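Spelled out from the first residue to the last, the chains are:
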Amino acid sequence: MRKLLLLSLALVSPLTFAKTECTSADKAQWQDQAKFQENLKSQGYDIKKFKVTAGNCYEIYGWDKDKRKVEIYFNPVDGQVVKQEIEE
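Residues numbered from 1 in each chain as written. Predicted model: local features only at pLDDT ≥ 70, side-chain atom pairs only at ≥ 80, totals over all residues. Heavy atoms only, no water.

**Thoughts on unusual backbone geometry**
Link 1 in the chain: Of note in this structure, N56 is not a glycine but carries a positive phi near 60°.
Link 2 in the chain: Relative to the assigned elements, N56 resides in the loop between β1 (46-52) and β2 (58-63).
Link 3 in the chain: The phi angle at K67 is positive, at roughly 65°, despite the residue not being glycine.
Link 4 in the chain: As for its position among the elements, K67 is in the loop between β2 and β3 (69-74). (Helix = DSSP H or I, 4+ residues; strand = E, 2+ residues; numbered from the N terminus.)

And the structure:
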């Protein structure tokens with residue numbers, strides 16, 4: 001049984017476990033979290049949850065200015081969107 005489990009895990013694509021990586025820059029170069037969130041709010045985002053991910057991203061869950069549900073990963077250094085999911 002254990003061998004079957006190990007075999008099935010070995011066959012799963014490594015991409016299944018891939019995390020979104022945003023930056024390798026030192027955290028001293030990152031934008032201030034509170035200011036970053038305020039900037040997003042000024043653009044019309046309604047942030048339900050904000051977190052720093054294991055892949056060094058600022059991630060938000062909430063709604064954009066058009067009231068669409070979003071999950072967005074940002075590079076915390078330059079603020080660029082790295083990955084996003086929008087629910088229409």
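This is not the end of the story, as more comes after the structure.
**Thoughts on the packing of aromatic side chains**
Link 1 in the chain: Counting across every chain of the model gives four aromatic pairs.
Link 2 in the chain: A ring pair is formed by F50 and Y58, whose centres lie 5.1 Å apart and whose planes are at 55°; its orientation type is tilted.
Link 3 in the chain: In this structure Y58 comes out as buried when scored by relative accessible area, which is 1%.
Link 4 in the chain: Three or more aromatic residues joined by ring pairs form one cluster here, namely W30, F36, F50, Y58 and F74. (Phe/Tyr/Trp six-rings, centres within 6.5 Å; stacked < 30°, edge-to-face > 60°. Buried < 20%, exposed > 50% of the residue type's maximum accessible area, 1.4 Å probe, protein only.)

Such coordinate-based values are descriptive only and should not be taken to indicate function.
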